[in-house]
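Breakdown of the fold
In case you want the letters, here they are:
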Amino acid sequence: MTEQNRNASGLFDIPVRFPDKERVTLTPADIERQLDAGAFLMSREEAVAAGFLNPLEAPDSVLVDIAREDA
């Protein structure tokens, strides 16, 4: 049986957070395709008010670089 890292500080497991954010490069066309597929944009405050984010916790995220399509 394999050993799993458990939360030694409490009763429940917590997600492992990586200190370094992954960098993702998107073009405007990539973003448009995601919006057409049903993705949506909102500010952090809107996401907290809608219940998508916990205001006391930093969610996993990436740094997004926008690349010009003609470059």
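As shown above, the structure is provided for reference.
A brief look at the structure comes next.

Side note on the overall build of the protein chain
- Tallying secondary structure elements over the protein chain gives two helices and two strands in all.
- The order of α-helices and β-strands along the protein chain, N terminus first, is β-α-α-β.
- Across the 71 residues in the protein chain, those meeting the buried criterion constitute 4%.
- The long-range fraction of contacts in the protein chain, counting pairs at least 24 apart against all pairs at least 6 apart in sequence, stands at 66%.
- Working note: accessible area of the protein chain is about 6,700 Å², and carbon and sulfur atoms make up 56% of it.

Considerations on a nonpolar patch on the surface
- Nonpolar side chains collect at one region of the surface, where Phe40, Met42 and Phe52 lie side by side and expose about 340 Å² of accessible area between them.
- Relative to the helices and strands, methionine 42 resides in the loop between helix H1 (28-36) and helix H2 (44-50).

What counts, and at which threshold
- Residues numbered from 1 in each chain as written.
- Predicted model: local features only at pLDDT ≥ 70, side-chain atom pairs only at ≥ 80, totals over all residues.
- Heavy atoms only, no water.
- Helix = DSSP H or I, 4+ residues; strand = E, 2+ residues; numbered from the N terminus.
- Buried < 20%, exposed > 50% of the residue type's maximum accessible area, 1.4 Å probe, protein only.
- Contact = heavy atoms within 4.5 Å.
- Areas by Shrake-Rupley, 256 points an atom, 1.4 Å probe, with all protein chains shown as cover.
- Patch = residues over 30% accessible without salt bridge, like charges linked within 9 Å, V, L, I, M, F, W, Y side chains within 5 Å.
- Salt bridge = Lys/Arg side-chain N within 4 Å of Asp/Glu carboxyl O.

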